[in-house]
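Architecture and fold: a report
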Amino acid sequence: MSEPVTGTPVAGASSDSRFGALREQLADAATAFADSPDALTGILAGLVDDVDHALGEELEIFPVCHHSPSSALAMARRLRDKQPKVIYLELCEDMQPLLTELRNCELPVALQAFASDLDGFPAGSGPLSVIAPITEASAEYQAIAYALETPGVELLLVDRSTDHVFQWQSDDRTEPAAPADGDDEAARQDQQDQAGGEDDEKALHGDAVGVGIGDLRPGFAELEAYLLHHGKVRHWSEWWDQYVEQPLIGADHDTYRQVMVMIGSLFRRLRPSDAARRDRDEDRERYMWTRMREHLAASGADPADCLYVCGAFHAASRVEQFGVRSTAPFEITARTGTKWRYGLIPSSHSAIEAQFGLAGGTVSIAASTWQKALTGSKVTPYRLAGQQGGRKSSARKPKAAARPATGGGGTAGTVSDDRLSGFLAAPSRPGELDEAELRGWSVDIVRLARRNGYLASTADAIAIFETAVLLAGMRNRRRPTPYDFADAAVTCIEKDVVPGRRDVRRLCEIMFGGDRIGRVGYDALPPLARDVYDRLAPLGLDPKRRTVQRALLDLHGQPELRPCSDLLWMLRRLLPPEVVRPIMGERRLGEQSVQESWDVAIGRHQRSIIELGYEGVTIEQVLEQRLRRAAWDPQATAAHALAAVEDSLLFLQNRRLTDELGARAVQLLAAERTADGAPEVLQRIRQLLAYYRTSGEPELPAWCQDFVSTGYAHYCTLLPTAFVDDETGLRQVAAMLGFLMTMESVAMALGCDRTQLELAVRQSHPEAPAKIALHWAAQSQLGQLPLAELRDRCADLLASPLTVGAFPHYLSGFVQALEPVPTLAPFVVEVLSAAFGQLPDPVLLPWLPTLITTLREQAGELVPILVREAGRTFPASLPALDSWTPPWAAVAHTATPGDDAGPAAEAARYAMSGPAPELLAEYPLTAVAVADLLDCAADPVGVTADGQAVGLGPADGGSGNAGGDPAVADLLERFPASAAGVAAHVGLVPAAG
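Residues numbered from 1 in each chain as written. Predicted model: local features only at pLDDT ≥ 70, side-chain atom pairs only at ≥ 80, totals over all residues. Heavy atoms only, no water.

What to know about the sheet that holds strand E6 (residues 154–159)
Judged by pairing direction, the sheet is parallel, and its four strands sit side by side in the order E1-E8-E2-E6 without closing on themselves. The open sheet has two edge strands with one neighbour each: strand E1 (60–64) and E6. For this sheet, the mean inter-axis angle between neighbouring strands, taken without regard to orientation, is 30°. (Pairing = 2+ DSSP bridges. Helix = DSSP H or I, 4+ residues; strand = E, 2+ residues; numbered from the N terminus. Axes fitted to C-alpha atoms, helices over the stretch in contact; angles between N-to-C directions.)

Written out as C-alpha cells, the structure is:
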C-alpha cells in the first residue's frame, strides 16, 4: 500500500535540535496505539525527516495548495518580508510568455496550450490541450503579480513543457484525461456529490488537461474515508477547509511551511503503489530541479535571493536531483515536432471545480475566505497594474536592504523552531459565532431564492440561521462554516420541487461568488478573435456581454451588412451550434437570404473563438484548412469530399480550392470498393450539378465532368456484386442505379457508353425479394422488361400463396426504385391498389404491419412521392369514387388479347394522370411542333382529356419538318426563340442560331 521513498533521510544535530521532541512523541504514540509499531514509527518519523529535509535546503521552498486562500495569504506575507529577486514557479515552462497578458484579463482565466496538427503523437489523439487556471485567491497569482510589477525581479517557470505533459502520459487514450498535476487522483467522486451548476460554466475548459500547483488529496482511499468520518464532513474539500485552511489563515511563515510539507509528505507516503505514476511525479521533480540549477549556473544568482514555489507534494521530494548542490544528472528529452499554440481562455469557479474534481462551491468559498482574510488582516495583496475586475496594483517596490536576518523570518537553510508540535496538539479553533455574517448570509440566500422562483420568506431566513447554528453544534463547531450554511439552506428552503434550473445548493454557490466568470480582454485575444470582433462591430453587438444577443440583418436595405452575414455563417460552420444560431434565413447553393436574424452568444463562448485563433489568422484560413483536412483525412470518403466542395462554394467562393477538393472527390470515388456512401454521393452531386447549371457558367467544371464519368464506370462495375451482396443494403443499390440513370445524359455527353449499364443490369442476379423488385424496375427503365410483363409478374406474386407473404419486401424494392426510375410511380400505385383490392383480409392483415415497418425503415423519404401520385390518380370526392374507373383498368380493357396494347395505350400509361392530358388535348399542335423539330413526328400521338390516346397523323406527310402544316409553320414563326432554344438544347444547331 505504501511505497518506499527514495533518498536518505537527513539526520544529525539539526534534526535532534529542531524536531527531536516531536519524533519521540510520535514514536511513543505508535508504540501505544499501533498493532505494528515499527511500520507506523517509520512512517511518522519519515514525515518529520521530510519536513526537516525540505526546510534545510539552501534554496527556500514555498509549499502551496492550488486555489488556497491560506497559501495566497502566506505567499503575500512572505514576498513582502523576503523580497526575492528570482522566483521559480511550478508551471509549464513554455507558458511563460502568456503571463504578461494577464493584465488584459478579468480573473479567473486559464493559460492554455493547444495543438491540432500533431507530429510525434499517436494518430487520432488530437487535438491536445493543457490549461492552468489562475484565480486571484491563489499563491501563483501573488507570485506572478509580484514578479511582473516589481522591477529587477525575474520569474521563471520550471515545470515540464506542455509537450512533455503528453509525452509522459499513459498510452491508453481511452481513459478520461486526468489532471496533469502529480498530486491529484483521476477518479473524483466529489463531482457526483455536487447538487448542480451551470453546464456552460463547467465546460469552459472543455476536455483540456488541467495543471495546478499543489493539489493535496490523499491517494489512500481508506485514509480519506477515515478523515471524513471522524471530521464529520461529507467530502474532502470541506475537511480541508475546516482543519487546514482555517487554522493556517493566520499562521506565521514557519508554521505554514512545516505544516504544508508535512501534509505533502503524508499524502506522498500513503498512496497506492503505482510505479508509472510515481515515476512521472519524480521525473517532474527532477525536471524542475535541473532547470533551477541550470538557471542558477547561467545567471550567477544567489540561492538565498531565490524562492521556489511548488506544490506541497513536491516539496517533500527525495529524488537524488533534489537541492541546488546536487550533482545527479537528468536528461531532459527533446520535444516532438508538434506546433503548440498559446493563449488565454476564460475560466470560472465551476469550471475549476469540475476540472480538479473539487466539491461544488469549493473555489467560491475559497474566494469568499480570501476576501474576508484580507479585510481582517493587514496584508495587502499584489495585483497586476490595470487588472480588469480588480483594484489598482498595490505592489511595493523592494527596499534596498529589506532582507531579514536569520531567525524568526524562517530563512532557508537556518534552524527554525519546531512549530509542528504546537499545531498538531492544538484543537481546531474556527472562531466564535459571527451573528452579523450569518444573518447576512441568511437574508441574501432568501432574496436570491425568491428571485429564482422559490416561495421563501423572512421566516425561512430565521429558520436557516437557527438551523446553521444547530448543525455546527452537532458537528462540534462553534461557528457555522459555509458548508453548514448550505446544508441549512437546503433543509429550510428546498422542498420536493425545484422551480427553476438552479437548486438551493447552487444558489449558495452563486451567493459566495460561484457565478464569477473570467474574461479575456481584447488586447490579449489572438488575431483571429480580434478580427471577428472587428468584423461584427457593424451589428452593434457587445462582446463583453455573456447573454444571448439578437442581431437583425436587412441585407436588401443594408447591403453593407453582407460581410457580417458571411462571417456569421462561417462561424456557424466552425463553432458549436450554441455560439451563433440562425433564427431566420438560410444559406444553400444558389440561394441567399434577403433578411436574417441571429442569436449570438460570443461573450459566453469566448473560449471557442480563442481556440479558433490557434488554427489560423483569419476565419477563412481556418475554414480552408479544415476543409482540406476533412478531404485528405485517411478515413475520408467521396461523400466527405463532396461536402467539403459544397462548403467551399457556400462560404469561400475559392475556385482553386473547390477544384482541388473536387479532384480529391474523384480520387476517393475511384478508390471505393463498396457502395456504402452512394446515397449521400448521389444527393450531393445532384445538388452541385443543379448549382452549376443555374450559375451561368458555360460548362461544368472539369472535376465535375470527371466525377460523373468516373462514377458511371465505377458504379457499373460494382452493380452486379452489390445486387447479390448481403452486406450492401437496398438503399445503396437504389442510389447506385439512381446515379447511373439520372446522370446518364451527362455521362453520354462525356463519352460514356450506355452498353456498360445494360450489361451490368443483365449480369445482376439478385436473390433478396426487395433487390429483385429493384432489378425489375431497372430492366423496365432500360427496355429489357416490358411494363406488361412486369405487371404480370406482380400479379403472379399476389396470386401465389408461397410469395404473397414476401410481397411487402417486393413493394419496398419498387418504392426504392422511385429514386432511379421516377416514372414508375403510377405503376407502384397500381400495384398497391391491386393488392389492397384483391387480397382477402386473412392474407392482407398479417403482412400489413410488415409493409408499414418496411416502408418506414427503408423508404420513408420516398413514400410522399407515392402519396402525391395517388392524390393525382384517385378522385378527390367520395361520390366520384363510386363511378371512377382506374386508368390502368381502362387501358387493359382497350388492349386486345395478344397485343402489347399498342403505342396509344403505352402513351396513355405514362400520361394518364395529372394536368398533362388536359394540356395536350387543349394544345395538340404545340406537341406536334416540338416532336417534328426533334425529327420524331412521323406518327404523333395525343391524349384526350379522358385519358384516351388519339393519333394526330403525320405532321407533314412524313417529310420530317413542320413545313407541311400551316399551323405548325405559323407557330414556329411566331415563337422562333423557343424553337431555337429547344434545338440548341438537343444539339441540333448552335445556341447563337
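What about the packing of aromatic side chains?
The full count for this structure, using the stated rule, is 18 aromatic pairs. Between phenylalanine 707 and phenylalanine 739, the ring centres sit 6.5 Å apart and the planes meet at 65°, which makes this aromatic pair edge-to-face. Highlighted residues: phenylalanine 707 in helix H26 (residues 702–724) and phenylalanine 739 in helix H27 (residues 730–742), separated in sequence by 32 residues. Here phenylalanine 707 and phenylalanine 739 have matching classes, each one buried. (Phe/Tyr/Trp six-rings, centres within 6.5 Å; stacked < 30°, edge-to-face > 60°. Buried < 20%, exposed > 50% of the residue type's maximum accessible area, 1.4 Å probe, protein only.)

Some thoughts on the packing of helix H15 (residues 435–451) against helix H16 (residues 458–474)
Viewed as axis vectors pointing N to C, H15 and H16 meet at an angle of 135°, and their least axial separation amounts to 9 Å. Put simply, H15 runs oblique to H16. For H15 against H16, the interelement crossing comes out right-handed. Residue-level contacts link Glu435, Leu438, Arg439, Ser442, Ile445 and Val446 of H15 to Asp460, Ala461, Ile464, Phe465, Ala468 and Val469 of H16. Within the contact of H15 with H16, the residues separate by chemical class into eight nonpolar, one polar and three charged. (Parallel < 35°, antiparallel > 145°, perpendicular 65-115°, else oblique. Left-handed = near helix turned anticlockwise from the far one by under 90°. Contact = heavy atoms within 4.5 Å. Nonpolar A, V, L, I, M, F, W, Y, C, P; charged D, E, K, R; others polar.)

With respect to unusual backbone geometry
In this model, leucine 107 is joined to proline 108 through a cis peptide bond whose omega is 5°. Within the secondary structure, proline 108 sits in the loop between strand E3 (105–106) and strand E4 (109–115). Residues other than glycine seldom take positive phi values, yet histidine 67 does so here, at roughly 55°. Among the secondary structure elements, histidine 67 is positioned in the loop between E1 and helix H3 (69–82).

Quick word on the packing of helix H22 (residues 619–631) against helix H24 (residues 655–671)
Contact geometry of H22 with H24 gives a least axis separation of 10 Å together with a crossing angle of 10°. Taken together, the axes of H22 and H24 are roughly parallel relative to one another. Contacts between H22 and H24 involve Glu624, Leu627, Arg628 and Ala631 on the former and, on the latter, Arg656, Leu657, Glu660, Leu661, Arg664 and Leu668. Considering only residue class, the contact of H22 with H24 consists of five nonpolar, no polar and five charged.

Remarks on the sheet that holds strand E12 (residues 580–584)
Two modes of strand pairing occur in sheets, parallel and antiparallel, and in both the strands are linked by backbone hydrogen bonds. The strand order across the open sheet formed by three strands is E11-E13-E12, and the pairing between neighbours is antiparallel. The sheet is open, and its two borders are formed by strand E11 (549–554) and E12, each paired with just one other strand. Between one strand and the next, the sheet's axes are offset by a mean angle of 25°, whatever the strand orientation. Bridge analysis of E12 against strand E13 (residues 595–600) gives four bridges, and the strand direction is antiparallel. By the bridge assignment for E13, proline 582 is matched with tryptophan 598.

Some points on a negative patch on the surface
Taken together, the side chains of Asp676, Asp726, Glu727 and Glu767 make up a negatively charged region of the molecular surface. By secondary structure assignment, the location of glutamate 727 is in the loop between H26 and H27. Among the residues examined, glutamate 727 registers a relative accessible area of 73% and is labelled exposed. (Patch = residues over 30% accessible without salt bridge, like charges linked within 9 Å, V, L, I, M, F, W, Y side chains within 5 Å. Areas by Shrake-Rupley, 256 points an atom, 1.4 Å probe, with all protein chains shown as cover. Salt bridge = Lys/Arg side-chain N within 4 Å of Asp/Glu carboxyl O. Lys, Arg positive; Asp, Glu negative; His and termini not counted. Charge placed at Lys NZ, Arg CZ, Asp CG, Glu CD.)

Digging into helix H23 (residues 638–652)
Taking 1.5 Å of rise per residue, 15 residues should cover 21 Å, and H23 covers 20 Å from first to last C-alpha, within 8% of that figure. Burial analysis of H23 places 14 of its 15 residues in the buried class, the great majority of the element. Where H23 ends, the next residue or the one after it, glutamine 653, has phi of about 55°, a positive value. (Expected span 1.5 Å × (residues − 1).)

Here we look at the confidence of the model for the protein
The share of residues in the protein with pLDDT of 70 or more is 77%, and the mean pLDDT across the chain is 79. In this model residues 171–197 is a low-confidence stretch, pLDDT under 50, and it forms 71 contacts with partners more than four residues away in sequence or in other chains. Across residues 896–913, where pLDDT falls below 50, the model places 24 contacts with residues more than four positions away in sequence or in other chains. (pLDDT = per-residue confidence, 0-100.)

So, H27
Taking 1.5 Å as the rise per residue, H27 with 13 residues should run 18 Å; its terminal C-alpha atoms sit 18 Å apart, in good agreement. Buried residues dominate H27, accounting for eleven of its 13 residues. Buried within H27 we find Leu730, Gln732, Val733, Ala734, Ala735, Met736, Leu737, Gly738, Phe739, Leu740 and Met741.

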